[in-house]
Amino acid sequence: MLKTLSQPKIRMVRLGSREEKREVYSRFAAGAIALMHVRHEELMRMPVVKAARPDLTEAGVELQVIDATGSLRLSLRVEFAQAAFEVELIGTEPVVALADKVVEGMYELANLPLSCDYSTVYQISDRVTATITEFIAACRSELWYTPRWWQVHRRAAMVVGRLWSKRSPRGRGAPAGTEAITSGARSQAADE
């Protein structure tokens, strides 16, 4: 009995299924975000190291900055490249086109010199972030997480859900006023 509980569950995923696409797309987006943050940290760390260690040359400062995040950056680059390959393999045309734009932005960010100014870093980072947001929206549309135009019942359910959550004081759940009834019943049961 204990042996079966300790073994992981085996899950069969059809090639090209929604589950496989969701895993590939989320892996790509997570890899892009992680790699962007590591590179952003490297670019922002350069002036701090330069101010803390004025005795170092420009090359020495760059070496210290790269040494601090080098192995992490390398592993994230490999993960991102693998995820980009999987998106190319399994993605549809609109998703692949947006993934290519994300990859171009990431290469632009990776090729920035460490001595560049903050405005350039923030401008490119904002562009990459906007492209990743577009990629996620395209993935949501492809995976049918947003209702299609012909799915009237899903749109109606979304509207009713929004109206219900506005009506309830706790967000979603019971209508307003019912918590007083249930809490009164609980206090009577506790008294008995």
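As a convention, each chain's residues are numbered from 1 in the sequence order in which they are written. Residue-level local features of this predicted model are given only where pLDDT is at least 70; pairs of side-chain atoms are given and counted only at 80 or more, and the full residue set underlies all totals for whole chains, interfaces and linings. Side-chain numbers come from the whole structure's heavy atoms, not from hydrogens or water.

Asker: Could you give an account of the confidence of the model for the chain, naming the residues involved and the relevant values?
Answerer: Values of pLDDT, the confidence the predictor places in each residue, fall between 0 and 100. Of all residues in the chain, 71% attain a pLDDT of 70 or more, and the chain-wide mean is 75. By the convention used here, residues are in contact when the closest approach between their heavy atoms is within 4.5 Å. Low pLDDT, under 50, characterises residues 1-5; the stretch is placed with 0 contacts to residues that sit more than four places away or in other chains. This model gives residues 178-192 a pLDDT under 50, and the stretch forms 2 contacts once residues within four places in sequence are excluded.

Asker: Describe helix α5 (residues 118-142), with residues and values.
Answerer: Strands are runs of DSSP state E lasting at least two residues, helices are runs of H or I lasting at least four, and both sets are numbered from the N terminus onward. A helix is expected to reach a length of 1.5 Å times the quantity of its residues less one. Under the 1.5 Å per step criterion, the end-to-end length of α5 is 36 Å for 25 residues, consistent within 8% with the ideal 36 Å. If you follow the buried residues of α5, they end up packed against α2 (18-52) and α4 (93-110). Trp-144 sits one or two residues past α5 and shows a positive phi near 65 degrees.

Asker: Residue-level account of the packing of aromatic side chains, with values.
Answerer: A ring pair, where both rings are aromatic, is described by two values, the distance of the centres and the angle of the planes. Only Phe, Tyr and Trp rings are paired, with Trp represented by its six-membered ring, and only when their centres lie within 6.5 Å; those with planes under 30 degrees apart are stacked, over 60 edge-to-face, the remainder tilted. Counting across every chain of the model gives 4 aromatic pairs. Note on Tyr-25 and Phe-135: the rings are 6.0 Å apart at their centroids and 80 degrees apart in plane angle, and the pair reads as edge-to-face. Linking Tyr-25 in helix α2 with Phe-135 in helix α5, this pair joins segments that are 110 residues apart in sequence. Across this residue pair, the class does not change: Tyr-25 and Phe-135 are buried. Of the aromatic side chains, those joined through ring pairs into one cluster are Tyr-25, Phe-28, Phe-80 and Phe-135. Accessibility here uses a 1.4 Å probe with only protein chains present; expressed as a share of the type maximum, an area under 20% marks a residue as buried, one over 50% as exposed, and anything in between as partly exposed.

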